[in-house]
Amino acid sequence: MSSTSTLTSTRAAPEPALPAARRRGRRGGGLNTPRLLWLTVPSLVWFAVFSVGPLVAMFVISTLRWKGLIYDPSYVGTDNIRHVFSDPVFHDALRNSAVQVAVVIPVMIPLAFMLGYHLSTRPRGYRLLSVLYFSPGLISISITGMIFYGVLSPNGGTNGLLNAAGLNSLAHSWLADPSTALPSLIAIDLWRGVGWTAVLFASRLAGVPGDVIEAARIDGAGRFRIMWQVAFPMVKDYVRTLTMLQFLWTLFTSAALILLLTKGGPGTSSTTLSYLVYEKAFSQSDLGYSQVVGVVLLLIGVVGMLLIRTLLRSPLEKIS
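Please read all numbers here as calculations on a predicted model, not as lab measurements. (Residues numbered from 1 in each chain as written. Predicted model: local features only at pLDDT ≥ 70, side-chain atom pairs only at ≥ 80, totals over all residues. Heavy atoms only, no water.)

Caption draft 1: Here's a closer look at unusual backbone geometry. Cis geometry is found at the peptide bond from Gly-265 to Pro-266, where omega equals -5 degrees. Among the structural elements, Pro-266 can be located in the loop between helix H14 (255-261) and helix H15 (273-283). At Lys-263, a position not held by glycine, the phi torsion is positive, near 55 degrees. Using a relative accessible area of 57% as the deciding quantity, one classes Lys-263 as exposed. Of note in the backbone geometry, Ser-285 takes a positive phi value of approximately 50 degrees without being a glycine. Following the sequence through the fold, Ser-285 ends up in the loop between H15 and helix H16 (287-311). (Helix = DSSP H or I, 4+ residues; strand = E, 2+ residues; numbered from the N terminus. Buried < 20%, exposed > 50% of the residue type's maximum accessible area, 1.4 Å probe, protein only.)

Caption draft 2: Inspection of the layout of surface pockets at higher detail. Taken as a whole, the largest pocket spans an internal volume of roughly 210 Å³. Forming the boundary of the largest pocket are Met-108, Gly-137, Asp-189, Arg-192, Gly-193, Trp-196, Leu-245, Gln-246, Trp-249 and Thr-250. Contributions of two or more residues to the lining of the largest pocket are made by helix H10 (181-205) and helix H13 (236-252). For the lining of the largest pocket, the class distribution of residues is 4 nonpolar, 4 polar and 2 charged. (1 Å grid on protein atoms, 1.4 Å probe; cavity = no way out; pocket = protein on both sides within 12 Å on 5 of 7 lines; lining within 4 Å. Points joined across faces, edges and corners; volume = space filled by probe spheres on them. Nonpolar A, V, L, I, M, F, W, Y, C, P; charged D, E, K, R; others polar.)

Caption draft 3: Here's a closer look at the confidence of the model for the chain. In the predicted model, the chain carries a mean pLDDT of 86, and 88% of its residues have values of at least 70. Residue range residues 1-13 is modelled with pLDDT below 50. Its contacts to residues more than four positions away, or to other chains, number 1 contact. Note on residues 20-28: pLDDT under 50 across the span, and 4 contacts to partners over four residues away in sequence or across chains. (pLDDT = per-residue confidence, 0-100. Contact = heavy atoms within 4.5 Å.)

Written out as structure tokens, the structure reads:
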């Protein structure tokens, strides 16, 4: 048989029929079929019950005078809002939360990025450094509180080092002094978060193309310039994500450490908004007040994330 007849017979051969299931899948839209969309119902119900439900309940409870589950609530409208915004304790908590966020985020993110960039260059012993950096984030909050209660107590490690160095005048009760209680808590937040965030940055920076870094070196750029003018813009979207996460973590989760170390004192010098929610709800049995503060926290969180998203927009997003 000639080659011409072979090609002719090949062209004339009919295509094999698609299986019936594949034909139905193509006509039915694949993953968009109503039968498959029904599989999302359990997750939507879960989200509505455990995410949307508590948010709605928070707004409802903020309009009630309610001491707890065994008491009958009474509707008071906006009385709780007026009470909260006229309370000096709330103003102190708002100020302390603002100071905490304003110090932790601008210090933690640049420092963590620099440590992460150093890890991404794989220096000698970088695996051990990664473990050491990540370890503080793995320690439970209760153990962290015990550690720093010993470190910062009057007879603890910090004062012991100061006394050994001949700086006795600087030794005092760090957690019992109104001027140092909040800075001590901020320092603990930085200790817990910098290394953990640095390891996350290092994992992202490992994906930066090596030829871009090498081209910058050939052009004469130093290490500091490569880090901030080459690597940083390339991972700016990730920087924004981690900044938002750390912002929310600092704003919403400070209550546990404060409860263990200072209980908001001395006075209200270390009381933050998240601790005030706990204090009013569980110690003073004023759920309406606590949920008004919770609503304020929610609004601050949303506004803060929008602000971070605007300030850390990538160049491509600004063009679009």
